[in-house]
Structure formats: structure tokens, C-alpha cells
Amino acid sequence: MTKTILAVDDSGSLRQMLSFSLKAAGYGVIEAVDGEDGLSKAKQQKVDLVLTDQNMPGMDGLSLIKALRAMKNYQNVPILMLTTESGDDIKAMGKAAGANGWLVKPFDPARLTEVIRKLIG
Amino acid sequence: MISHEAQPSELMNVQVVRLLSGVSVHGDQHLAEVERDLVQMDVLLNEAIKKLCASFMAIHHAVDLQQAALDSLLADNMRTPEYAARFKTLRGEIDRHVGAAVTGLQFQDMTSQLIGRMVQHLAGLRNVFGALDTKGTDMPESGNEALLAMLNHISDRVGAHCTELAGGVRSTVNQRHMNSGDIELF
């Protein structure tokens, strides 16, 4: 059965690149334009992994992670941050919020899918 | 107009007001132009990345179809294994180039974030310049005390705009190269 990934980023081109790379690796992809949209889509359909940006208008990535972790069916779903930020403080905040990993942009499709395969097969 | 009977303190007050208004108006004009150009640059970059992405996807799709046709020809004609190995190598090279292109095409996400920050800072600076403008209403008639009161009022307005700006600006981008970033699993 195809695993589904929720890709949350306010940049259209980044979402396009993510979607292209993940579909080529055999995953289904749901796109969301910001944290609120991501939360709404996660509620509509349970996904196998969430990949989210941090800096977005409205609800940011950390707030999205906290909201997802508060939902019973998302307590064990892997969540990865994909962001331009790489500071230790923000990473620690991500980890505390419930992120399973931190990926600094730009991403390489092969390395990204390698990490995702480790987490959800 | 300043009358010939005007006192030195009155002259100074008028000059201060003129100076502040001049800085405010001209500063705002220049910043408005820079802001307009940045927004225009963002529009063009956005348009360019859309076209680049669409073309890139189309090329990739065409290469996929070509590869499938070649695989089919090879299978039908039972060609020698050397051909199959050669096409496999080519496929690997194409995949590497596609991966590198996907990484490079992410530039717009970062430039857009930087432009967004610059526009926010410009808007903040325009507010600061706006705060310097007395618009004639606060002009003291005479005396250093009145001038001081007016300058204090302006200073408070500038401070308020600076505080407002500091709280709402997006994070900066520190990447210097378009190579794949670090990955850390917790």
C-alpha cells in the first residue's frame, strides 16, 4: 500500500520539488500551504509522515507539530522539519515540540528519501 | 515665512521642523522605490521558477518515455548485455543530474524569504521616517522647552515603530551555497 506524506510549505516551488521527488520515490503526497492548512488536511486524512517548513505565515511549523502531537492519532507519526534554519536553539525547540528530525534546506532528493525510508519504509 | 523680528530660538525650531519633514518625505520616497523594485523582483523570480519547474518536469517526463522506448527496443531485439549496461549507466547519470537540479531549483524559496524580510524592514523604516514628519501640527511657536517636548514626542513615536518592527520580521537565511543541507534525526 502506498504510504502518504503531508508536505507543508508556503513556497509553491518548494512544494512542487518535494512532491516531484517523493512521488518519484513511490510515495503519495498531500500538499499544504501553511500550518493551518496542514492541520486541516491531517485531520481529514491520516498520513504516514509529515514534512513541514518552520517559517510560514499564520501557523508556523513548531505550532503545527504541537497541534499534531496533541491529536491521539498523530502521537507516533514521524514528523520532520525542513527549513532554512539550522540554529541549535530552534532545533532544540523542534525536538521538544515532538519533531523526529531536522533537515536544513535545500534538500537533495536522494538523501531526503533515504531518511524517509528509514522512518516509514 | 519667517519675519525679520523672529527670535533665534524660533528660527531654530523652524529649521528643526523643516529638517525632520525633509528627511521624512525624501526618505519615504526612496524607500518606496526600493520596496517597489524588491516586490517586482520577487514577482519575476516567482514567474521564472514556475517556468523552470514546468520545463524541468517536462524534460524529465520525456527522458522517462525515451528510456522506456529504449528498454522496449532492447528487450525486443535481444541485444547484447553491453547495451543494457550502457543505458543503465546513462540512467544513473540522468538521476544524479535530476537530483542536483531539484536541489538548485529551491533557490526561489530562499530568495523569496530574504526579499520578504527586506520588504518588512523597508516598511518599518518608512514608518520610522513617517514618525519624523511633524506635518506642521506639532510645530512649537517658540522656546526650547516646546522644541524639546516636540522632539521627545517624535522620539517616542520612532521608538514605538522600532519595537513594532523587531517583533514581526521573519528569520534570515544563512545558506551560502545551494548544496544539500544537514540532516539530523532525533
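Fair warning: this is a prediction, and the values are worked out from it, not measured in the lab.

Student: Quick one: what's the story with the overall build of chain A, residue by residue and with numbers?
Tutor: On a plain count of helices and strands, chain A comes out with 5 helices and 5 strands. Scanning chain A from its N terminus toward the C terminus, one meets helices and strands in the order β-α-β-α-β-α-β-α-β-α. Compactness check: chain A gives a C-alpha radius of gyration of 13 Å against a globular reference of 14 Å for 121 residues, within 12% of the reference. Each principal axis of the C-alpha distribution contributes one length, and for chain A these read about 30 × 30 × 25 Å.

Student: Lay out unusual backbone geometry with the relevant residues and their values.
Tutor: A cis amide bond, omega -5°, links A:Lys105 with the succeeding residue A:Pro106. Secondary-structure assignment places A:Pro106 in the loop between strand E5 (101-104) and helix H5 (109-120).

Student: I'd like a rundown of the environment of B:Val128, residues and numbers included.
Tutor: Residues and elements named next belong to chain B. Inspection of the secondary structure puts Val128 in helix H3 (residues 107-132). The spacing of Val128 and Leu165 is 37 residues in sequence and 9.7 Å in space, taken between C-alpha atoms. When residues no more than four places from it in sequence are discounted, the contact partners of Val128 are Val158, His161 and Cys162.

Student: Quick one: what's the story with the interface of chain B and chain A, residue by residue and with numbers?
Tutor: Much of the literature gives interface size as the accessible area that the parts lose upon coming together. Across the boundary between the two partners, chain B contributes 30 residues, which contact 30 residues of chain A. For the pairing of chain B and chain A, the buried interface totals around 2,700 Å² over both sides, and the portion due to carbon and sulfur atoms is 60%. Across the chain B-chain A interface, the total number found is 2 salt bridges. The residue A:Lys105 makes a salt bridge to B:Asp109 at a minimum N-O spacing of 2.8 Å. Mapped onto the side of chain B that touches chain A, the elements with two or more residues apiece are helix H1 (8-77), helix H2 (81-104), H3 and strand E1 (183-185) of chain B. In terms of residue class, the side of chain B that touches chain A is built from 13 nonpolar, 13 polar and 4 charged. Relative to E1(B), E5(A) is paired through 3 bridges, and the arrangement is antiparallel. Residue A:Leu103 lies in a different strand from E1(B), and its bridge partner there is B:Ile183.

Student: Mind laying out the side chain of A:Thr84, listing which residues take part and the relevant values?
Tutor: Residue position: A:Thr84 is located in the loop between strand E4 (79-83) and helix H4 (88-97). Overall, A:Thr84 belongs to the buried group, its relative accessible area being 4%. Side chain to side chain, A:Thr84 and B:Gln113 meet in a polar contact 3.3 Å long. Those residues within four positions of A:Thr84 in sequence are excluded, and the remaining contacts are A:Asn55, A:Val104, A:Lys105, B:Met110, B:Gln113, B:Thr172, B:Val173 and B:Gln175.

Student: How would you sum up the sheet that holds E1(B)? Please name residues and give values.
Tutor: Read across the sheet, 6 strands follow the order E2(A)-E1(A)-E3(A)-E4(A)-E5(A)-E1(B) without closing on themselves; strand pairing throughout is mixed. Whereas interior strands pair on both sides, the edge strands pair on one side only; in this sheet they are strand E2 (28-32) of chain A together with E1 of chain B. Strand-to-strand twist across the sheet, computed as the mean angle between neighbouring axes with direction ignored, equals 15°. Across 5 bridges, the pairing between strand E1 (residues 4-8) of chain A and E2(A) is parallel. Within E2(A), the residue paired with A:Leu6 across the bridge is A:Ile30.

Student: Tell me about the pattern of salt bridges, residues and numbers included.
Tutor: Under the criterion given, the structure shown has 9 salt bridges over all chains. Between A:Asp53 and A:Lys105 there is a salt bridge, with its nearest N and O atoms 3.4 Å apart. Note that A:Asp53 is positioned in the loop between strand E3 (49-52) and helix H3 (61-69) and A:Lys105 in the loop between E5 and H5, a separation of 52 residues in sequence. Under the relative-accessibility criterion, A:Asp53 is labelled buried at 2%. Take A:Lys105: its relative accessible area is 1%, and that puts it in the buried class. When the shortest N-O distance is used, the salt bridge between B:Asp28 and B:Arg126 registers 2.9 Å. Of this pair, B:Asp28 sits in helix H1 while B:Arg126 sits in helix H3, and the two are 98 residues apart along the sequence.

So, how was this worked out
- Residues numbered from 1 in each chain as written.
- Chains lettered and ligands numbered in written order.
- Predicted model: local features only at pLDDT ≥ 70, side-chain atom pairs only at ≥ 80, totals over all residues.
- Heavy atoms only, no water.
- Helix = DSSP H or I, 4+ residues; strand = E, 2+ residues; numbered from the N terminus.
- Rg over C-alpha atoms; globule rule 2.2 N^0.38 Å.
- Contact = heavy atoms within 4.5 Å.
- Buried area = accessible area lost by both parts, 1.4 Å probe.
- Salt bridge = Lys/Arg side-chain N within 4 Å of Asp/Glu carboxyl O.
- Nonpolar A, V, L, I, M, F, W, Y, C, P; charged D, E, K, R; others polar.
- Pairing = 2+ DSSP bridges.
- Buried < 20%, exposed > 50% of the residue type's maximum accessible area, 1.4 Å probe, protein only.
- Polar contact = N/O pair within 3.5 Å; in protein donor to acceptor, adjacent residues only side chain to side chain.
- Axes fitted to C-alpha atoms, helices over the stretch in contact; angles between N-to-C directions.

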